[in-house]
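The primary structure of each chain is shown beneath.
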Amino acid sequence: MAKTPLIFGLIGFPIKHSFSPAMHNAAFKKLGINAEYKRFEVKPEELEDFLHSLREKGICGLNVTIPYKEKVLEFVELESKNNSFYVKQIKAVNTIIIRDGILKYFNTDIPGFGRALVEKNGSAKDKRIAILGAGGASRAVAFVLAEHKAKEIAIYDIDKTKSLNIVELIRDRFPDFPIHSVDNIEDLKIKEKNLLINATPIGMKPDDRCLITEEMLHKNLFVYDLIYNPPETKLLALANKAKIGHSNGLNMLLYQGVCSLELFIDRKVPFEIIEVMRQALINEINKVKLDDRFHKQGD
Ligand code: NAP
């Protein structure tokens, strides 16, 4: 009789448009692991019960997405030994593994973005960086950039308290690191930067304006948009037109998935499996109808 598959999955609300199941299931198949990665759309009022029932449900590992990355920490002491270093650093969880009945909490957005950036643009070391947006993803991004010893970070958010919070967090973790918050996009001084990162959701909807003008771009700038659906935002189209280096966020999604998978299976994911996962994501993006291209991103 065939053994029942190990169960993994994604919790969030809503998560209909998640590409993670395709990516993880393709990897399990190629690795010859009898496992299934499912979507668990959990309503906010059901979250606590759901987390308490993971053992009973036989779930071995989970990814966590919006709106629960910070919320799950309400059910575990931040300083608990079951929280990884990165969880303690940025107070957000995107991976849970259940081993010997114990829940362990991780954040793979940080190493995932690190690997994604290195793949596209090399290390952030000594680079001058401008970040648009200061939400959850920006926090992970800023942490990676500081860890990689960037030369400088300027950060802008429409809500200044959020960018100031990131500045405070990074200065607390990396004393004397040169990070500052600015009041408007012009003050990001993109002309003096080597890397521009869009960590706002602006660009996901077809009628979103582009936050940057053509004049702000220059040949020494690399533009990284965290958005992956649509694959080419107005910002990336502008970078393409200006013939400067650019990338969407698909490889960030890929590498946070690779880092999570390494925790799920407790070993390194080989290069050929990473390529299988990448192809699965590309196939999913290609399946999305053009009319649905916008605002359908939920991992
Ligand atoms: P979030 O927590 O909502 O943060 C977005 C931030 O951008 C918020 O602080 C928001 O302010 C700010 N913002 C909105 N409009 C702005 C504008 N015009 N100028 C400056 N700041 C503005 O979202 P998130 O989770 O960080 O995600 C941000 C983006 O990254 C999303 O598109 C998400 O899909 C993408 N993402 C991609 C990956 C990946 O794997 N590629 C992973 C995570 C996130 P308000 O809250 O005041 O609106």
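Starting from 1, residues in each chain are numbered consecutively following that chain's sequence as written. Per-residue local features are limited, in this predicted model, to residues with pLDDT of at least 70; the limit for side-chain atom pairs, both in listing and counting, is 80 or more; totals at the level of whole chains, interfaces and linings are taken over all residues. Side-chain numbers here rest on the full set of heavy atoms in the structure, without hydrogens or water.

Colleague: Tell me about the overall build of the chain, residues and numbers included.
Modeller: In DSSP terms, a helix is any run of H or I states spanning at least four residues, a strand is any run of E spanning at least two, and both are numbered starting from the N terminus. Summing up its helical and strand segments, the chain has 10 helices and 11 strands in all. The C-alpha atoms of the chain give a radius of gyration of 19 Å, which matches the 19 Å a tight globule of 299 residues would have. Across its three principal axes, the chain shows a C-alpha extent of roughly 65 × 40 × 35 Å. Note on classification: 1.4 Å probe, protein chains only; a residue is buried when its accessible area is under 20% of the maximum for its type, exposed when over 50%, partly exposed between these limits. Among the 299 residues that make up the chain, the fraction classed as buried is 54%. A contact between two residues is defined here by any heavy atoms of the two lying within 4.5 Å. At a minimum sequence separation of 6, the contacts of the chain that also span at least 24 residues come to 71%. For the chain, the computed accessible surface area is about 14300 Å², with 52% contributed by carbon and sulfur atoms. Each charge class in the chain was averaged separately, 44 positive and 40 negative side chains, and the resulting centres sit 4 Å apart. Radius of gyration means the value over C-alpha atoms here, while the globule rule gives 2.2 Å times the residue count to the 0.38 power. Using a 1.4 Å probe, accessible areas were evaluated by the Shrake-Rupley method; residue-level cover was limited to the displayed protein chains. Charge convention: Lys and Arg are scored as positive, Asp and Glu as negative, and His as well as the terminal groups of each chain are ignored. By convention, the charge on Lys lies at NZ, on Arg at CZ, on Asp at CG and on Glu at CD.

Colleague: Before we move on, can you summarise the packing of aromatic side chains with the specific residues and values?
Modeller: Side-chain rings of Phe, Tyr and Trp, where Trp is taken by its six-membered ring, are said to pair if the distance between their centres is within 6.5 Å; with planes under 30 degrees apart they count as stacked, over 60 as edge-to-face, and otherwise as tilted. On inspection of all chains with the given rule, the structure shows eight aromatic pairs. Look at phenylalanine 40 and phenylalanine 50: their rings are 5.4 Å apart centre to centre, the planes differ by 50°, and that puts the pair in the tilted class. Here phenylalanine 40, found in strand S2 (residues 35–41), pairs with phenylalanine 50, found in helix H2 (residues 47–52); they are 10 residues apart in sequence, far enough to count as distant. Its relative accessible area of 15% is what places phenylalanine 40 among the buried residues. On the basis of an interplanar angle of 65° and a centroid distance of 5.1 Å, the ring pair of phenylalanine 143 and phenylalanine 174 is categorised as edge-to-face. Of the two residues, phenylalanine 143 sits in helix H6 (residues 136–147) while phenylalanine 174 sits in the loop between helix H7 (160–173) and strand S8 (179–181), which places them 31 residues apart along the sequence. The pair phenylalanine 143 / phenylalanine 174 is uniform in exposure class, with both members buried.

Colleague: Run through the sheet that holds S8, naming residues and quoting values.
Modeller: DSSP calls a pair of strands paired once it identifies at least 2 bridges connecting them. Strands sit in the order S8-S7-S6-S9-S10-S11 across an open sheet of six strands; the sheet is parallel. Edge positions in the open sheet fall to S8 and strand S11 (246–247), since each of these has one partner strand only. Across four bridges, strand S9 (residues 195–198) lies against strand S10 (residues 222–225) in parallel orientation. Its bridge partner lying in S10, leucine 195 is registered against phenylalanine 222. Sheet contacts for H6: strand S6 (128–132), strand S7 (152–156) and S9; angle to S6, the most-contacted strand, approximately 175°. The angle between two axes is taken between their N-to-C directions and runs from 0 to 180 degrees, where each axis is a line fitted to C-alpha atoms and a helix contributes only its stretch in contact. Most of the contacts of helix H8 (residues 234–241) go to S10, to which it runs at about 160°, and overall it touches S9, S10 and S11.

Colleague: Summarise the pairing of S10; cite the residues concerned and give the values.
Modeller: Within a regular strand, the side chains alternate between the two sheet faces. Burial along S10 is two-sided: Phe222 and Tyr224 facing one way and Val223 and Asp225 facing the other are all buried. Where S10 meets S11, two bridges bridge the pair, whose relative direction is parallel. Pairing of valine 223 across the sheet is with histidine 246, part of S11. In terms of handedness, the path from S10 via H8 over to S11 forms a crossover that is right-handed. Viewed with both strands pointing away, a crossover whose connecting path from the first strand over the helix to the second turns clockwise is right-handed.

Colleague: I'd love a proper account of helix H10 (residues 271–287), names of residues and values included.
Modeller: Across its 17 residues, H10 extends 25 Å between first and last C-alpha, which sits within 8% of the 24 Å expected from 1.5 Å per residue. The complete set of buried residues in H10 reads Ile273, Ile274, Met277, Arg278, Ala280, Leu281, Glu284 and Ile285. For H10, the angular spread of buried residues about the axis comes to 155°, placing them on one side. Turned more than 90 degrees away from the buried face of H10, the exposed residues are Phe271, Asn286 and Lys287. For H10, the elements touching its buried residues are helix H1 (20–31), helix H5 (109–121) and helix H9 (250–265). One less than the number of residues in a helix, times 1.5 Å, gives the span that helix is expected to have. Directions drawn from the helix axis to the C-beta atoms are what define this arc.

Colleague: Describe unusual backbone geometry, and please don't skip the residues or the numbers.
Modeller: A cis amide bond, omega -5°, links phenylalanine 13 with the succeeding residue proline 14. For proline 14, the position within the fold is in the loop between strand S1 (6–12) and H1. The residue lysine 91 is not glycine, and still its phi comes out positive at about 55°. For lysine 91, the position within the fold is in the loop between helix H4 (85–90) and strand S4 (95–99). Residue lysine 91 is classed as partly exposed on the basis of its relative accessible area of 39%. With a phi close to 55°, lysine 243 is a non-glycine residue in the positive phi region. Structurally, the position occupied by lysine 243 is in the loop between H8 and S11.

Colleague: Please provide a residue-by-residue account of the layout of surface pockets, values included.
Modeller: A probe as big as a water molecule, rolled over the atoms, marks out the empty space that is left. Grid points spaced at 1 Å over the protein atoms alone were grouped into cavities, where a 1.4 Å probe fits but cannot get out, and pockets, open sets with protein on both sides within 12 Å along at least five of seven lines, with lining residues defined by an atom within 4 Å of a point. Grid points are joined across faces, edges and corners, and a volume is the space filled by probe spheres set on the points. The calculated volume of the second largest pocket comes to roughly 160 Å³. Contributing to the lining of the second largest pocket are 18 residues, with Gly203, Asp208, Thr233, Lys234 and Leu235 lying nearest its centre. Considering each element in turn, the lining of the second largest pocket owes the most residues, three residues, to H8.

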